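Listed below are the residues making up each chain.
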Amino acid sequence: MIPMQHKIIQNAYVVNDVDEAVARCHQLWGLGPFFVRRNFVLEDVTYRGAPSALEISVAYVQSGEIMVELVTQLNDAPSAFRDVYAPGQEGFHHVAVEMDDHDRQVAHYRDLGFEVVTELSTPEGRGASYIDTRAALGHMVEVYKVNESLRDLYARVKQAAEDWNGETLTIDL
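Reading guide: rules and limits
Residues numbered from 1 in each chain as written. Predicted model: local features only at pLDDT ≥ 70, side-chain atom pairs only at ≥ 80, totals over all residues. Heavy atoms only, no water. Helix = DSSP H or I, 4+ residues; strand = E, 2+ residues; numbered from the N terminus. Buried < 20%, exposed > 50% of the residue type's maximum accessible area, 1.4 Å probe, protein only. Arc of directions from axis to C-beta. Contact = heavy atoms within 4.5 Å. Polar contact = N/O pair within 3.5 Å; in protein donor to acceptor, adjacent residues only side chain to side chain. Pairing = 2+ DSSP bridges. Core = buried A, V, L, I, M, F, W, Y, C linked by side-chain atoms within 4.5 Å.

Visitor: Hey, could you go over unusual backbone geometry for me, with residue numbers and the actual values?
Guide: Here the bond from Gly32 into Pro33 is cis, since omega is -10 degrees, no more than 30 degrees from zero. Its location among the elements puts Pro33 in the loop between α1 (18-29) and β2 (34-47). In this structure, Asn39 takes a positive phi of about 50 degrees despite not being glycine. Secondary-structure assignment places Asn39 in strand β2. Asn39 gets classed as partly exposed once you look at its relative accessible area, which sits at 49%. In the Ramachandran plot, Arg48 falls in the positive-phi region, its phi being about 50 degrees despite a non-glycine side chain.

As structure tokens, then:
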């Protein structure tokens, strides 16, 4: 049986400060513009099956075919982010896989023995499940709950990178 093929569409990093990380990534890689959402509260969250909440700041930028996400967790709630990095630590956290059938993809990972750590939904109606694949890959995998606003975000970030003139480094979401 041929396994499901999952195309990686995003690399994500946990960072201590989104604005500092934007400046650092721009200096290192010349990427831009970064779409930034600060102090975003997610209330429809579960952590290992129990209710939770997340407050995060995020930035998105396109690098070729891969979106790069920078995320800072601002609260102390348990999460997929805190499972990998304690407050004050930074590093590579997860890949997101191509937008497909969320339930089928999550079932695929569960069938392979991997646990869903965090599940969330946003006010826009999209969401994600973070699968703990660290034993096999050294990082988490994000599986999206897709809606048009997510597809629009990806398209907007990609188009902005293609059209970028280098003048505006950040765009607030």
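Visitor: Go over helix α3 (residues 102-111), please, and point to the residues and values.
Guide: Considered for burial, the residues of α3 that qualify are His102, Gln105, Val106, His108 and Tyr109. The arc enclosing the buried residues of α3, seen along the axis, measures out at 150 degrees, which places them on a common side. Opposite the buried face of α3, by more than 90 degrees, sit the exposed residues Asp103 and Asp111. Here the buried face of α3 lies against β5 (91-97), β6 (115-121), β7 (127-132) and β8 (140-145). Of the residues flanking the start of α3, the one acting as N-cap is Asp101, its side-chain oxygen 3.1 Å from the backbone nitrogen of Asp103. Just past α3, the residue Gly113 takes up positive phi, approximately 95 degrees.

Visitor: Talk me through the pairing of β5; I want residue IDs and the actual numbers.
Guide: With six of its seven residues buried, β5 lies for the most part within the structure. Strand direction decides the pairing type here: strand β1 (residues 8-14) and β5, joined by six bridges, are antiparallel. The partner of Asn11 across the bridge, within β5, is Val95. Bridge analysis of β5 against β8 gives three bridges, and the strand direction is parallel. Residue pairing across strands places Val95 opposite Val141, the latter belonging to β8.

Visitor: Help me get a handle on the environment of Glu148, residues and values and all.
Guide: In this structure, Glu148 sits in helix α5 (residues 148-163). Taking the C-alpha atoms as reference points, Glu148 and Leu28, 120 residues apart in sequence, are found 32 Å from one another.

Visitor: An account of the nonpolar core is requested, with residue identities and associated values reported.
Guide: Of all hydrophobic cores here, the largest spans 29 residues; its most connected members are Leu42, Leu54, Ile56, Tyr60, Tyr144 and Tyr154. Residues contacting Tyr144, with those up to four places away along its chain left out, are Ile9, Gln10, Ala96, Val97, Met99, His102, Gly127, Ala128, Leu150 and Tyr154. If you look at the next biggest cluster of nonpolar residues, it comprises twelve residues, including Val15, Cys25, Leu31 and Leu70.

Visitor: How would you explain the environment of Val14 if you had to name every residue and give the values?
Guide: Relative to the helices and strands, Val14 is located in strand β1. A residue is classified by how much of its surface remains accessible, and Val14, at 4% relative accessible area, is buried. For the pair Val14 and Val71, spaced 57 residues apart in sequence, the C-alpha to C-alpha distance is 5.0 Å.

Visitor: Any details on the environment of Val106? Residues and values, ideally.
Guide: Summarising the element assignment, Val106 is placed in helix α3. Overall, Val106 belongs to the buried group, its relative accessible area being 4%. Residues Val106 and Ile131 lie 25 residues apart in sequence; the distance between their C-alpha atoms is 7.8 Å. Not counting chain neighbours up to four residues away, the residues in contact with Val106 comprise Val116, Ser129, Ile131 and Val143.

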